[in-house]
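Listed below, chain by chain, are the residues.
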Amino acid sequence: MKKMVQFGVIARNFSNSSAMQSAIKNITVIGGGLMGSGIAQVSAQAGQNVTLVDLSPEVLAKSQKSIGANLGRVAKKVYKDKPQDGEKFVAESMARIKTSTDPAAAAKSADLVVEAIVENMGVKHKLFKQLDAVAPEHTIFASNTSSLSINEICSVVKRKDRFGGLHFFNPVPVMRLLEVVRGAETSDATYKTMMEWGKAVGKTCITCKDTPGFVVNRLLVPYICEAIRLYERGDASARDIDTAMKLGAGYPMGPLELADYVGLDTNKFILDGWHNKYPDQPLFKPIPLLNKLVSEGKLGVKAGEGFYKYEKK
Ligand SMILES: CCCCCCCCCCCCCC(=O)CC(=O)SCCNC(=O)CCNC(=O)[C@H](O)C(C)(C)COP(=O)(O)OP(=O)(O)OC[C@H]1O[C@@H](n2cnc3c(N)ncnc32)[C@H](O)[C@@H]1OP(=O)(O)O
Ligand SMILES: NC(=O)C1=CN([C@@H]2O[C@H](COP(=O)(O)OP(=O)(O)OC[C@H]3O[C@@H](n4cnc5c(N)ncnc54)[C@H](O)[C@@H]3O)[C@@H](O)[C@H]2O)C=CC1
């Protein structure tokens, strides 16, 4: 049953992508980590020309490898009875993805830039300021931020009407939702193009205001924080907390598994940012155990250890 549901999701995403059209043809994704590689993949499999940018050539090499493997998983399902078509689909999608270590150069040919770099306002400001000076007039900028304000991120650019949030979910090729965030100055035309592009890459889009955590993370962050505090107090084991939420509430992953999957460094960036902004909100108070794990380099699945241990990829 589970397999059938997953297959349905992937197949539906893919066929939607092929059927929909978008005004956006050339997309630059900045940040080649967990999210950027997924965004590059779904864009390429929907027929877009993608430039994937990261400061690190090693990250780009790793991303290309994982995109190839994940396209293979999609092809296996969509082209179950036509393996040769599946191979062609993988090869053609991969051929649409170029890589670069130069964000400014990559933005010059983009209709849409999606930023998926570290969750830090200063670093995002520096990047967008640089891109705003070189990108064509018509280029739309979007951030995949989990928790930062779109209005605050776009405060450094001139093109505030051509700026919005495109918030994907992890793993991008599997999760069907896209939160489309309208900033205070996002124009109707930009909003419409972002919605159409989201559909073209196979996602179901919802519209969000620029409020902390938009919809999903406003609900998810307190839930994960409370799970960590429960564990930190010794009220239940990590395994029992995760089992409880999977079997008792029907979640596909428990909260601590999910925190490891998202990355504990990303979790910490989010929590610290919200705590600084809302110091009186007890839900966002720092969690000593989270700080300890991050300081020890135990960042979750990507580091081989977080709340649990994982085989390193
Ligand atoms: C810790 C401190 C807390 C501080 C507070 C901060 C809290 C922060 C929370 C939010 C942080 C920011 C996150 C964010 O902004 C938004 C998010 O993304 S939230 C995360 C949303 N994602 C989920 O909730 C994931 C839930 N999990 C699942 O849906 C499943 O477990 C999952 C699909 C990941 C894996 O399924 P599973 O059955 O367990 O494993 P399989 O490996 O068998 O996969 C199933 C199926 O799917 C295919 N597949 C998996 N990954 C990919 C991929 N990348 N590409 C293509 N296909 C993929 C796989 O092949 C399987 O297919 P089969 O046909 O069934 O073999
Ligand atoms: N991890 C998750 O589950 C989700 C994360 N997000 C958001 O997506 C963004 C990225 O998160 P992840 O992919 O998890 O992070 P990640 O750490 O996996 O990847 C970030 C990448 O950005 C690169 N980078 C940093 N500064 C750069 C710059 N100036 N130019 C080019 N590349 C740069 C890094 O080398 C790294 O490879 C964050 O804003 C995060 O909040 C959104 C949804 C889910």
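Residues numbered from 1 in each chain as written. Chains lettered and ligands numbered in written order. Predicted model: local features only at pLDDT ≥ 70, side-chain atom pairs only at ≥ 80, totals over all residues. Heavy atoms only, no water.

Put simply, the rule reads: UniProt positions are given in the numbering used here, feature names are shortened, and annotations may be inferred rather than shown by experiment.
The name given to the protein in an unreviewed UniProt entry is Hydroxyacyl-coenzyme A dehydrogenase, mitochondrial, with Trichoplusia ni as the source organism. Taken from UniProt, the Subcellular location (unreviewed entry) comment for the protein reads in full: "Mitochondrion matrix".

Considering the overall build of the protein
The cut-off we apply is this: Each helix is a run of H or I in the DSSP string that is no shorter than four residues. Each strand is a run of E no shorter than two, and both are numbered from the N terminus. To get the radius of gyration, use the C-alpha atoms; to get the globule rule, take the number of residues to the power 0.38 and multiply by 2.2 Å. Note on classification: 1.4 Å probe, protein chains only; a residue is buried when its accessible area is under 20% of the maximum for its type, exposed when over 50%, partly exposed between these limits. For the area figures, the Shrake-Rupley method with a 1.4 Å probe applies, and any residue is considered shielded solely by the protein chains shown. Under this rule, positive means Lys or Arg and negative means Asp or Glu; His and the chain ends count for nothing. Charged groups are reduced to one reference atom each: NZ for lysine, CZ for arginine, CG for aspartic acid, CD for glutamic acid.
For the protein, the count of helices and strands is 13 helices and eight strands. Here the C-alpha atoms of the protein give a radius of gyration of 19 Å, agreeing with the 20 Å that 2.2 N^0.38 yields for 313 residues. Taking the principal axes of the C-alpha coordinates as reference, the protein spans close to 50 × 50 × 35 Å. Split into buried and exposed, the 313 residues of the protein put 48% on the buried side. Summed over all atoms, the accessible surface of the protein reaches about 15,200 Å², with 57% contributed by carbon and sulfur. For the protein, the distance from the average position of its 42 positive side-chain charges to the average position of its 32 negative side-chain charges is 4 Å.

Details of the UniProt feature "site: Important for catalytic activity" (unreviewed entry) in the protein
The line we're drawing: Residue contacts follow a heavy-atom distance rule, with two residues in contact if any of their heavy atoms lie within 4.5 Å. Residues adjacent in sequence count toward polar contacts only when both atoms are side-chain atoms; beyond that, a polar contact is any pair of N or O atoms within 3.5 Å, and within protein one must be able to donate a hydrogen and the other to accept it.
The positions UniProt marks with the feature "site: Important for catalytic activity" (unreviewed entry) are H167. Looking at the element boundaries, H167 is found in strand β6 (residues 163–167). Beyond its immediate chain neighbours, meaning those up to four positions away, H167 contacts N144, T145, S146, L177, L178, E179, F214 and N217. A polar contact of 2.9 Å, which involves the side chain of H167, links it to the side chain of E179.

Overview of the pairing of strand β7 (residues 177–182)
Under the convention used in this document: Any two strands are treated as partners once DSSP identifies two or more bridges connecting them. Orient the strands so they point away from the viewer; a crossover is then right-handed if the path from the first strand over the helix to the second runs clockwise.
Bridge analysis of β6 against β7 gives four bridges, and the strand direction is antiparallel. Residue pairing for β7: G165 is matched across the bridge by V181. Sheet analysis places β7 next to strand β8 (residues 204–209), joined by six bridges and oriented parallel. Residue pairing for β8: E179 is matched across the bridge by I206. In this fold, the crossover linking β7 to β8 by way of helix α8 (residues 188–200) has right-handed handedness.

Observations regarding the site of ligand 1
As a reminder of what qualifies: A cutoff of 4 Å decides nearness: a residue is near a molecule or strand if any of its heavy atoms lies inside that distance of it.
The immediate surroundings of ligand 1 are formed by 30 residues, with K77, H167, N170, N217 and I228 found nearest. Between ligand 1 and S146 there is a distance of 2.8 Å, counted from an oxygen atom to a side-chain nitrogen or oxygen. A distance of 2.8 Å separates an oxygen atom of ligand 1 from a polar side-chain atom of N217. In the complex, the protein chains occlude 84% of the 1,300 Å² of accessible area that ligand 1 would expose alone. Contributions of two or more residues to the shell around ligand 1 are made by α1 (2–19), α3 (57–78), α9 (216–232), α11 (255–262) and α12 (264–277).

Notes on helix α13 (residues 288–295)
Under the convention used in this document: The arc in question is the one traced by the directions running from the helix axis out to the C-beta atoms.
Listing the buried residues of α13 in full gives L289, L290, L293 and V294. The arc that holds every buried residue of α13, seen down its axis, measures 130°, which confines them to one face. α13 presents P288 and S295 as exposed residues on the side facing more than 90 degrees away from its buried surface. On its buried side, α13 packs onto α9 and α12. Just beyond α13, the residue with positive phi is G297, at close to 80°.

Structural notes on the site of ligand 2
For clarity, the cut-off: Residue polarity is assigned by list, with Asp, Glu, Lys and Arg as charged and Ala, Val, Leu, Ile, Met, Phe, Trp, Tyr, Cys and Pro as nonpolar; anything else, Gly included, falls into the polar class.
Taken together, the neighbourhood of ligand 2 is formed by 21 residues, with M35, D54, E119, K124 and S146 sitting nearest. Contacts to ligand 2 include E119, whose side-chain N or O atom sits 2.6 Å from an oxygen atom. Within the side chain of K124, a nitrogen or oxygen atom sits 2.9 Å from an oxygen atom of ligand 2. Out of a free accessible area of 820 Å², ligand 2 has 85% covered by protein chains. Of the residues contributing to the shell around ligand 2, the split by class is nine nonpolar, eight polar and four charged.

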